[in-house]
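Observations on the three-dimensional arrangement
The residues making up each chain are set out below.
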Amino acid sequence: MHISITGLKPKGILGFIKFWRLAIPSLTEAKSAKGNLFSAVKKINGYNCTLSAWESRDAMLVFMKNGIHLKAMKSFHSIATGRTYGYEAETIPSWEEAFKLLVTKGKDY
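Here goes a summary of the coordinates provided.

Observations concerning helix H3 (residues 67-79)
Taking 1.5 Å per residue, 13 residues should reach 18 Å; H3 reaches 18 Å between its end C-alpha atoms and fits that length. At methionine 73, H3 shows its largest bend, some 35 degrees.

Let's talk about the pairing of strand E1 (residues 2-10)
Along E1, seven of the nine residues are buried, which leaves the element largely enclosed by surrounding structure. When E1 meets strand E3 (residues 47-54), the two strands line up antiparallel, connected through seven bridges. Note that in E3 the partner of isoleucine 5 across the bridge is leucine 51. Two strands pair when backbone bridges link them, and E1 and strand E4 (residues 80-88) are joined in this way by nine bridges, in the antiparallel orientation. Bridge pairing in E4 links lysine 9 to threonine 81.

A few points about the sheet that holds E4
Ordered in space as E2-E3-E1-E4-E5, the five strands form an open sheet in which the pairing is antiparallel. The sheet terminates laterally at strand E2 (36-44) and strand E5 (107-108), the two strands that pair on one side only. Looking at chain direction, E2 and E3 are connected through eight bridges and run antiparallel. Pairing of asparagine 36 across the sheet is with tryptophan 54, part of E3.

Structural notes on the pattern of salt bridges
In a structure, side chains of opposite charge can pair up when their charged atoms sit close to one another. Evaluated as defined, the whole model comprises one salt bridge. The salt bridge partner of arginine 83 is aspartate 108, with a shortest N-O separation of 2.5 Å. With arginine 83 in strand E4 and aspartate 108 in strand E5, this pair connects stretches of sequence that are 25 residues apart. With relative accessibility at 53%, the residue aspartate 108 sits in the exposed group.

Structural notes on the nonpolar core
One finds Ile3, Ile5, Cys49 and Tyr87 to be the most contacted residues of the largest nonpolar core, which totals 16 residues. Where this core is concerned, the elements lending two or more residues are E1, E2, E3, E4 and helix H4 (95-105). No other element matches the five residues that H4 contributes to this core. With residues up to four places along the chain from it excluded, the contact list for isoleucine 3 reads Leu51, Ser52, Ala53, Tyr85, Gly86, Tyr87, Ala89, Thr91, Ile92 and Pro93.

About the cut-offs
- Residues numbered from 1 in each chain as written.
- Predicted model: local features only at pLDDT ≥ 70, side-chain atom pairs only at ≥ 80, totals over all residues.
- Heavy atoms only, no water.
- Helix = DSSP H or I, 4+ residues; strand = E, 2+ residues; numbered from the N terminus.
- Expected span 1.5 Å × (residues − 1).
- Bend = angle between axes of the 7 residues up to and from the residue.
- Buried < 20%, exposed > 50% of the residue type's maximum accessible area, 1.4 Å probe, protein only.
- Pairing = 2+ DSSP bridges.
- Salt bridge = Lys/Arg side-chain N within 4 Å of Asp/Glu carboxyl O.
- Core = buried A, V, L, I, M, F, W, Y, C linked by side-chain atoms within 4.5 Å.
- Contact = heavy atoms within 4.5 Å.

If you want it as structure tokens, here you go:
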């Protein structure tokens, strides 16, 4: 299974508003996307984090490159900063484990 972890910090009040206008529909789409096994959000240490599990990396990429998530990715640099990390696993990590991986292994954007 493919695990995807993100942690984003909106830029200012306008970025905050734009971020949430895209984040909520994106989470809704993720939960019903083909190949999605788990999707959740949580605020940790100032980051708006997502944790999702997918049947495969390919299933995650199909979701990532379509719909509202694609629109969010195109707007990302104007509305937020953040980190992402993805990897293969047998189990879904706890939020504590996921955030530690994000901080230690994640790529900055």
